[in-house]
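So you can see what is in the structure, the chains are spelled out below.
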2 protein chains.
Amino acid sequence: MGDESTPASMKALARNGRRSGPPAAATILDVARRAGVSTATVSRALAAPDKVAEETRARVIAAIAATGYTPNASARNLRARSTQIVLALLPGISNTFFAPILNAIEDTLSAAGYGMIIGDTRHSLQKEAHYTRFILAGQVDGVILFTGQIPRDGDVASASGRVPIALVCNEIVGERRYSVFDVDNRAAAARATTHLIAAGHRHLGHVAGDARNIEAVERMKGFRLALKRAGIPPDEAAIWEGGFRYEDGVAAATRFLALRERPTAIFASADHAAIGFIRTVRDAGIRIPEDVSIVGFDDIDYASVIDPPLTTMRQPRASLGRLAAEDLLQRMGRDAVDVPPIRERLRCDLIERETVGPVATARSVRRPAKLQREGSGAARGGVT
Amino acid sequence: MGDESTPASMKALARNGRRSGPPAAATILDVARRAGVSTATVSRALAAPDKVAEETRARVIAAIAATGYTPNASARNLRARSTQIVLALLPGISNTFFAPILNAIEDTLSAAGYGMIIGDTRHSLQKEAHYTRFILAGQVDGVILFTGQIPRDGDVASASGRVPIALVCNEIVGERRYSVFDVDNRAAAARATTHLIAAGHRHLGHVAGDARNIEAVERMKGFRLALKRAGIPPDEAAIWEGGFRYEDGVAAATRFLALRERPTAIFASADHAAIGFIRTVRDAGIRIPEDVSIVGFDDIDYASVIDPPLTTMRQPRASLGRLAAEDLLQRMGRDAVDVPPIRERLRCDLIERETVGPVATARSVRRPAKLQREGSGAARGGVT
DNA sequence: GCGGGCGGTGTAATCGATTGCATCGAGGTC
DNA sequence: GACCTCGATGCAATCGATTACACCGCCCGC
């Protein structure tokens, strides 16, 4: 510590001397010198405390406190080839649907010492490409995708093989390198539709999602399947493609209102769209559920808040998030190189609230034979 | 390129040979060898194309394409001491209030070549500490904070000085190292309250936020200020502290309903709380705005969706986000070391919808003299 | 004909941590 | 007492890029 102290301090001066910027952060070398040990010992004192003598470790800890040292993540990541961070890639944070899934992911990951950061692509391929570079550059150890659609050039798919990827509520057709966690959209949509049919409805409409979205397609298939089972021909004029957003529900409602022969019940492929639909038709004087019944999908927070509270298929969002995170943890582990991707499909639950009732008597419909429920009164309840 | 090719390939084998994991990513050295140049030239071909001969650059580009090379971010960050990434730290992504702000931030940053990632602290000091380490470890070049409250040990404040920090819709008292972008909460709250007074109300309640939140405190002050100006004594039994969330509005409504002498108008410190309040009192048979008028704060998306559409103070969220991002860009620039933090306070706009009406005639109130509006009919409109 | 400038490129130091291997002393064993 | 073991520590290579500096032709001007 004798003669090299001068060049060392000059170096520190050189770092801090230029301009009046903030003082340079302490490095592991600063800590080592102050504790009178080598950098290797400092590193070990932090990473493997039992390999360092009690007394030495105390000195290191003290030196760290005195210098305010924080390990430089870039250096560590470079050497260790891992970041202990997972990126969750969303198509839009304004969609509250994702929040409970993300919470579950974060809880699961942080319990294992991993961190989670969120990226928002806002449905933009360009922004997605930006995050793809981020992933390929080794900035994260794993990815959870909510955005996958059809494989495209330069999309996140190109990162497969480098880091493990899990898809949640989504699927990329023809891609076997991801784990997939979703619900059985077709079966759930069929159940929702059947619920309307059971209430006596024979003329049904569908607020469909984007045809490029695999989930939207599956829900549409489930809708048609339920109709077919009940022997009801679909009314193509009452099937409106668009998307899962509020505005898409508004657009569908506009087309609904323009219809000469309106359906008496609607299955909406997403709650946001269902709410946009309800809001719009009510402004036009249509009563829910007296004039039109409606079932949504997702059970977002506002489903129970709007008026009337929305009957909907609930997705087990927390479970989806937890499973995806656990899968990623397994496949990110340094000893687990050959853990194959898995696929899990969870069940949805129908949450009955107040938007489904019997067919309005005013309409010219044959009185439904198998109607058991008593209408909005009985449909009341569900969850809070 | 003669005799060292053997050790090089052995090295590559060593990297790829262990286990059956994914092939190691190509490094700049792989590209350099394939293009027959040095790593310096490859680096320059990417970072400073005009410093490299046209023909050489073409060879490098081809080599990059052939190898599938992506620069390792950790190495670059380590050397360049910057990441070109900004972290936005939220108390909870389930709160849709933040979405438009974040979008504006992302747009502004990405136009300047920066990326944005989101961290969610969920009001947990422990999770915040996790992100603090992330920041101190040099993983980001700047931070936008939505979470700051009272300075605490180990919170993000300890990162000040290392990286520039901007606060949005928040403030940390006694902290001068941040830029702050918010609205004049006190003035806006006073205007909202005055709007109710102008409609004839003389008995006002307040759904207040968390007393530890500076914004909530300011809004409460504005509420009281407006009352004082109008010569109305505050009814302390009708001021309910809680928070900005839906549940807090529900809790306030419960206490409102228990009141013997209920106020005829409510100023809620946040839309989410206002909506919880409305939903709850309506279930108890109270009509809005006939029995109770209410003004919210924020103008979140659902403010116009709920029934009846909520009259509220709109915060200029996109502007706040844009300004914060621009400020950060200035202070992150390598040549801008001494750019001081700034403070901007923006104006809110009152958005009149349908939750404010005149005082119910049934109540024993002196007929308001200066009431001009005709009630819910005239209050209709506002924005979509 | 020679020096200077300049465009293009390579060499090697550097960023800050981790970690395999060497070293060293203390204590135990035969 | 020589040798071995083992815990504690240091030395130095390493991760993959960036970049200051040196170098080499080539062209130009005087």
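Asks: I tried to follow the sheet that holds strand E9 (residues 293-298) of chain B on my own but got confused; where do I start?
Replies: Whether parallel or antiparallel, the strands of a sheet pair through hydrogen bonds between backbone atoms. Residue and element names in this part refer to chain B. If you walk across this open sheet you meet the six strands as E7-E6-E8-E9-E10-E12, and the pairing is mixed. The sheet is open, and its two edges are formed by strand E7 (239-240) and strand E12 (349-351), each paired on a single side. In this sheet, E7 lies alongside strand E6 (residues 204-207) in parallel orientation, the contact comprising two bridges. Residue pairing in the sheet places valine 207 in a bridge with tryptophan 240 of E7.

Asks: Explain helix H12 (residues 317-332) of chain B to me, please; I cannot follow it from the model alone.
Replies: Given 3.6 residues per turn, any residue in an α-helix points the same way as the ones three and four places further on. With 16 residues, H12(B) ought to run about 22 Å at 1.5 Å a step, and its terminal C-alpha atoms sit 22 Å apart, in line with that. Taken as a whole, H12(B) has its buried residues at Arg317(B), Leu320(B), Gly321(B), Leu323(B), Ala324(B), Ala325(B), Asp327(B), Leu328(B), Leu329(B), Arg331(B) and Met332(B).

Asks: Where do I start with the protein's contact with DNA strand D in this structure?
Replies: If you check the shell around DNA strand D, you find 28 residues, and the closest are Thr41(A), Thr56(A), Ile28(B), Ser43(B) and Arg79(B). Counting only the atoms of DNA strand D that lie within 4 Å of the protein, the sugar and phosphate share comes to 65%. Note that a phosphate oxygen of DNA strand D is positioned 2.2 Å from one of the side-chain N or O atoms of Thr56(A). Of all the secondary-structure elements, those providing two or more residues to the surface near DNA strand D are helix H3 (39-47) and helix H5 (73-80) of chain A together with helix H3 (39-47) and helix H5 (73-80) of chain B. The element that contributes the greatest number of residues to the surface near DNA strand D is H5(B), accounting for four residues.

Asks: It is not clear to me how the pairing of E6(B) should be interpreted in this structure. Could you clarify?
Replies: Remember that side chains alternate between the two faces of the sheet whenever the strand is regular. Of the two faces of E6(B), the one holding Leu204(B) and His206(B) and the one holding Gly205(B) and Val207(B) are both buried throughout. Handedness of the E6(B)-helix H9 (residues 214-229) of chain B-E7(B) crossover: right-handed.

Asks: Explain helix H4 (residues 54-67) of chain B here, please?
Replies: Residues and elements named next belong to chain B. Its 14 residues give H4 an end-to-end C-alpha distance of 20 Å, which sits within 8% of 20 Å, the value for a rise of 1.5 Å per residue. What H4 keeps buried is the set Thr56, Val60, Ala63 and Ile64. For H4, the angular spread of the buried residues around the axis is 100°, confining them to a single face. Exposed side chains of H4 directed beyond 90 degrees from the buried face belong to Glu54, Glu55 and Ala65. On the buried face of H4, the contacting elements are helix H2 (28-35) and H3. Following H4 by one or two positions, glycine 68 has its phi on the positive side, about 70°.

Asks: Sorry, what's going on with the relation of the copies chain B and chain A here?
Replies: Structural alignment of chain B on chain A gives an RMSD of 0.1 Å, achieved by rotating through 180° and translating 0.0 Å along the axis. Put plainly, the chains are arranged around a two-fold axis. Comparing interface residues between copies, 98% of those in chain B also sit at the interface in chain A, which points to an isologous, same-surface contact.

Asks: Mind showing me how you'd approach the nonpolar core here?
Replies: Note that soluble globular proteins tend to have their nonpolar side chains buried in a common cluster. Core analysis: the largest hydrophobic core is formed by 148 residues, its most contacted members being Leu102(A), Phe146(A), Phe277(A), Leu102(B), Phe146(B) and Phe277(B). Aside from chain neighbours lying at most four places away, what touches Leu102(A) is Ala88(A), Leu90(A), Met116(A), Ile118(A), Phe146(A) and Ile93(B). Counting residues in each nonpolar core, the second largest holds 32 residues, with Leu87(A), Leu145(A), Leu87(B) and Phe134(B) among its members.

Asks: Could you clarify how one ought to interpret the pattern of salt bridges in this entry?
Replies: Side chains carrying opposite charge are able to pair once their charged atoms draw close together. Evaluation of the coordinates by the stated rule reveals 48 salt bridges over all chains. In this structure, Glu106(A) engages Arg122(B) in a salt bridge whose closest nitrogen and oxygen atoms are separated by 3.3 Å. Taken together, the residues span two chains, with Glu106(A) in helix H6 (residues 99-111) and Arg122(B) in the loop between strand E2 (115-120) and helix H7 (125-136). Using a relative accessible area of 6% as the deciding quantity, one classes Glu106(A) as buried. On the basis of relative accessibility, which here comes to 24%, the residue Arg122(B) falls in the partly exposed class. Notably, a salt bridge pairs Asp107(B) with Lys127(A), separated by 3.6 Å at the nearest N-O pair. On the criterion of chain membership, the pair formed by Asp107(B) in helix H6 (residues 99-111) and Lys127(A) in helix H7 (residues 125-136) is interchain, its members lying in two chains. For Asp107(B), a relative accessible area of 36% puts it in the partly exposed group.

Asks: I would appreciate a short explanation of the packing of H2(B) against H4(B) in the present structure.
Replies: Between two packed helices, what matters for the description is the angle formed by their axes and the separation of those axes. All names here are of chain B. For the pair H2 and H4, the least separation of the axes is 8 Å and the interaxial angle reads 125°. The orientation of H2 relative to H4 falls into the category oblique. Like other packed secondary-structure pairs, H2 and H4 cross with a definite hand, here right-handed. Across the interface between the two elements, Val31, Arg34 and Ala35 of H2 pack against Arg59, Val60, Ala63, Ile64, Ala66 and Thr67 of H4. Residues of the contact of H2 with H4, tallied by class, amount to six nonpolar, one polar and two charged.

Asks: I tried to follow the sheet that holds strand E6 (residues 204-207) of chain A on my own but got confused; where do I start?
Replies: Residues and elements named next belong to chain A. Strand order in the open sheet made by the six strands is E7-E6-E8-E9-E10-E12, with mixed pairing throughout. Single-partner strands in this sheet number two, and they are strand E7 (239-240) and strand E12 (349-351). Looking at chain direction, E6 and strand E8 (residues 265-268) are connected through four bridges and run parallel. Bridging from a neighbouring strand, histidine 206 pairs with phenylalanine 267 of E8.

Asks: I would appreciate a short explanation of the protein's contact with DNA strand C in the present structure.
Replies: Within the structure, DNA strand C sits among 28 residues, and Ile28(A), Ser43(A), Arg79(A), Thr41(B) and Thr56(B) are positioned closest to it. Among the atoms of DNA strand C lying within 4 Å of the protein, the sugar-phosphate backbone contributes 65%. At a separation of 2.6 Å, a phosphate oxygen of DNA strand C approaches a polar side-chain atom of Ser43(A). The contact in question runs from a phosphate oxygen of DNA strand C to an N or O atom on the side chain of Arg81(B), over 2.7 Å. Contributing elements (two or more residues each) for the surface near DNA strand C: H3 and H5 of chain A together with H3 and H5 of chain B. When grouped by side-chain class, the residues that make up the surface near DNA strand C number eleven nonpolar, eight polar and nine charged.

What counts, and where the lines are drawn
- Residues numbered from 1 in each chain as written.
- Chains lettered and ligands numbered in written order.
- Predicted model: local features only at pLDDT ≥ 70, side-chain atom pairs only at ≥ 80, totals over all residues.
- Heavy atoms only, no water.
- Pairing = 2+ DSSP bridges.
- Helix = DSSP H or I, 4+ residues; strand = E, 2+ residues; numbered from the N terminus.
- Expected span 1.5 Å × (residues − 1).
- Buried < 20%, exposed > 50% of the residue type's maximum accessible area, 1.4 Å probe, protein only.
- Near = heavy atom within 4 Å.
- Polar contact = N/O pair within 3.5 Å; in protein donor to acceptor, adjacent residues only side chain to side chain.
- Right-handed = clockwise from strand over helix to strand, strands pointing away.
- Arc of directions from axis to C-beta.
- Contact = heavy atoms within 4.5 Å.
- Least-squares fit on C-alpha atoms with pLDDT ≥ 70 in both.
- Core = buried A, V, L, I, M, F, W, Y, C linked by side-chain atoms within 4.5 Å.
- Salt bridge = Lys/Arg side-chain N within 4 Å of Asp/Glu carboxyl O.
- Axes fitted to C-alpha atoms, helices over the stretch in contact; angles between N-to-C directions.
- Parallel < 35°, antiparallel > 145°, perpendicular 65-115°, else oblique.
- Left-handed = near helix turned anticlockwise from the far one by under 90°.
- Nonpolar A, V, L, I, M, F, W, Y, C, P; charged D, E, K, R; others polar.

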